[in-house]
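Next come the chains, spelled out residue by residue.
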Amino acid sequence: LARNFSSSSALQNTVKNVTVIGGGLMGSGIAQVAAQAGQNVTLVDVSSDVLVKAQKSIGGNLSRVAKKVYKDKPQEGEKFVSESLARIKTATDPVQAAASADLVVEAIVENIGVKHQLFQKLDEAAPAHTILASNTSSLSINDIASVVKRKDKFGGLHFFNPVPVMRLLEVVRGAETSDATYKTMMEWGKAVGKTCITCKDTPGFVVNRLLVPYIAEAVRLFERGDASARDIDIAMKLGAGYPMGPLELADYVGLDTTKFILDGWHKKYPQETLFKPIPLVDKLVSEGKFGVKSGEGFYKYE
Ligand code: CAA
Ligand code: NAD
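Residues numbered from 1 in each chain as written. Chains lettered and ligands numbered in written order. Predicted model: local features only at pLDDT ≥ 70, side-chain atom pairs only at ≥ 80, totals over all residues.

Enquirer: Mind showing me how you'd approach the overall build of the protein chain here?
Expert: A count of helices and strands for the protein chain gives 13 helices and 8 strands. Over its C-alpha trace the protein chain gives a radius of gyration of 20 Å, about what one expects of a compact globule, namely 19 Å for 302 residues. Considered along the principal axes of its C-alpha atoms, the protein chain spans approximately 55 × 50 × 35 Å. Relative to its 302 residues, the protein chain shows a buried fraction of 42%. (Helix = DSSP H or I, 4+ residues; strand = E, 2+ residues; numbered from the N terminus. Rg over C-alpha atoms; globule rule 2.2 N^0.38 Å. Buried ≥ 20, exposed ≤ 12 C-beta atoms within 10 Å, placed from the backbone.)

Enquirer: What should I look at first to understand the site of ligand 1 in this one?
Expert: Of all residues adjacent to ligand 1, which total 16 residues, the nearest are Ser 137, Phe 160, Asn 161, Pro 162 and Pro 243. Elements with a minimum of two residues in the shell around ligand 1: α3 (48-69), α9 (207-223) and α11 (246-253). Residue contributions to the shell around ligand 1 peak at 3 residues, all from α3. For the shell around ligand 1, a count of residues per class yields 10 nonpolar, 4 polar and 2 charged. A domain-level breakdown of the shell around ligand 1 finds at least three residues from each of domain 1 (2-200) and domain 2 (212-294). (Near = placed C-beta within 6 Å. Nonpolar A, V, L, I, M, F, W, Y, C, P; charged D, E, K, R; others polar. Domains from an automatic or database assignment.)

Enquirer: How should I be thinking about the UniProt feature "domain: 3-hydroxyacyl-CoA dehydrogenase C-terminal" (unreviewed entry) in the protein chain in this particular structure?
Expert: Here, the residues flagged by UniProt with the feature "domain: 3-hydroxyacyl-CoA dehydrogenase C-terminal" (unreviewed entry) are residues 204-301. Secondary structure content for residues 204-301 is 60% helix and 0% strand, and the end C-alpha separation is 28 Å. (UniProt positions renumbered as here; feature names shortened; annotations may be inferred.)

Enquirer: Is there a simple way to think about the site of ligand 2 in this case?
Expert: The environment of ligand 2 is made up of 27 residues, and the closest members are Gly 22, Gly 24, Met 26, Ser 137 and Asn 161. Within the residue set of the shell around ligand 2, elements represented by two or more residues are α2 (25-36) and α6 (112-125). Considering each element in turn, the shell around ligand 2 owes the most residues, 3 residues, to α2. Of the residues assigned to the shell around ligand 2, the class counts are 15 nonpolar, 10 polar and 2 charged.

Enquirer: What am I meant to see in α11 here?
Expert: One full turn of an α-helix is made of 3.6 residues, so residues set three or four places apart face in the same direction. Counting buried positions along α11 gives 7 out of 8 residues, so the element sits mostly inside the fold. Restricting attention to buried positions, one finds in α11 the residues Pro 246, Leu 247, Glu 248, Leu 249, Ala 250, Asp 251 and Val 253. At the C-terminal side of α11, Gly 254 shows a positive phi close to 110°.

Enquirer: Can you walk me through the environment of Leu 274 in this structure?
Expert: Locating Leu 274 in the fold gives a position in the loop between α12 (255-268) and α13 (279-286). On a C-alpha basis, the gap between Leu 274 and Pro 213 in space is 5.7 Å, while along the polypeptide they are 61 residues apart. Ignoring anything within four residues of it in the chain, the contact list for Leu 274 reads Pro 213 and Ala 216. (Contact = placed C-beta atoms within 7 Å.)

Enquirer: Any chance you could explain the sheet that holds strand β2 (residues 40-44) here in plain terms?
Expert: Sheet strands pair via backbone hydrogen bonds, and the direction of the pair is either parallel or antiparallel. Spatial strand order, β3-β2-β1-β4-β5-β6-β7-β8: 8 strands in an open sheet with mixed pairing. Among the strands making up the open sheet, the edge pair consists of β3 (88-91) and β8 (195-200). The average angle at which neighbouring strand axes cross in this sheet is 25°, direction not considered. Sitting on the sheet, helix α8 (residues 179-191) is in contact with β4 (103-106), β5 (131-134), β6 (154-158), β7 (168-173) and β8, with an inclination near 175° to β7. (Pairing = 2+ DSSP bridges. Axes fitted to C-alpha atoms, helices over the stretch in contact; angles between N-to-C directions.)

Enquirer: When you look at the domain arrangement of the protein chain in this model, what are you seeing that I'm missing?
Expert: When the parts of a complex come together, some accessible area is lost, and that lost area is often taken as the interface size. Taken domain by domain, the protein chain holds domain 1 (2-200) and domain 2 (212-294). Averaged C-alpha coordinates put domain 1 and domain 2 at centres separated by 28 Å.

Enquirer: Sorry, what's going on with the pairing of β8 here?
Expert: Across a regular strand the side chains alternate sides, sitting on one face of the sheet and then on the other. One ladder, built from 6 bridges, connects β7 with β8; its direction is parallel. Residue pairing across strands places Leu 169 opposite Cys 196, the latter belonging to β8. In this region the chain leaves β7, passes through α8 and returns to the parallel neighbour β8; the handedness of that crossover is right-handed. (Right-handed = clockwise from strand over helix to strand, strands pointing away.)

Enquirer: Explanation requested: the nonpolar core in the structure shown.
Expert: Among soluble globular proteins, nonpolar side chains are generally buried collectively. Of all hydrophobic cores here, the largest spans 53 residues; its most connected members are Val 20, Ile 30, Ala 31, Ala 34, Leu 103, Val 104 and Val 105. Apart from the residues within four sequence positions on either side, Val 104 is in contact with Thr 19, Ile 21, Ala 98, Leu 122, Ala 126, Thr 130, Leu 132 and Ala 133. By size, the runner-up hydrophobic cluster in this structure holds 23 residues, among which are Val 212, Ile 232, Leu 284 and Phe 290. (Core = buried A, V, L, I, M, F, W, Y, C linked by C-beta atoms within 7 Å.)

See below:
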């Protein structure tokens, strides 16, 4: 965790002000890790209720970090929490928030039309040097970038849930992402405490290209009645060393999200059998069983 607090000096010249758009699960985590690393953050959401919730959850998660890092120095821990929180401003207007940003990270709903509307506005409002990036899980970076003029200053910054805990950042180069933009994205990722890997703009990048078919195969195994949900999860935890089993992970990621990703890829790549829709997932989603967030998926949650 200590690496979260160092900021590379090269970066300090390029990215000081970060605007994060979308204050949900991912955006609040991204805002937290940037603020922890000493950056000025503006967190934007269409809903001010979401922003209030985000600030609360960031405060709670910063306290978790402080308890660990400043175990024997509670006063320094409190200072760390309050100073990090003070670096996060909130706003509801993305246009205004982009005007002072060196980097904008978008983490709004996974919908290409809505993302296009937002990026068109951001491209017009942001200063010429500002880098625009998307945290999309499953859409193409080139498709998202198609509406902006600054295609050289556009890329993917793909974080993992829960953002403060998962150490990876996938840095995705679009067809026209410049070397300078790529370098700044890599440096920024390191400065916010992540290990960065690079990937081309392919479906699911690295992690989701492997993880989503793996989850899908686990659901198909369960659907065929080859093993119980609990046994599949125990098997992958104890037999392969995964922190969560695939069905637990599907509930954690969200069955709606899993379905959305598979459907999108299936439409684009109909020949790929790994991306085929799964009747059981479709059924659970149609019943409102989205996993942890709705209280039930493959398992029930309190
Ligand atoms: N924020 C901050 N800290 C958190 C946290 C959160 N939301 N959730 C857990 N933590 C911390 C806890 O404080 C705890 O810290 P210590 O061990 O130092 O006390 C640590 O993380 C472990 O947490 P728990 O003990 O509560 O639970 P756990 O050991 O079961 O770990 C987990 C929870 C980190 C989520 C772990 O189960 C895990 O790694 N699961 C797999 C998650 C995964 O695969 N994520 C990727 C999903 S795919 C994705 O995100 C991409 C996409 O596009 C869909
Ligand atoms: P979420 O639903 O928790 O949050 C999205 C937020 O965006 C909501 O608070 C919503 O009010 C806000 N929003 C919607 N349209 C907006 C707009 N035009 N302007 C400003 N705010 C807007 O979603 P999430 O899980 O945080 O996912 C966000 C993005 O991150 C998606 O692209 C998703 O694919 C990606 N992602 C998700 C995960 C995951 O595990 N959930 C992991 C990696 C990447």
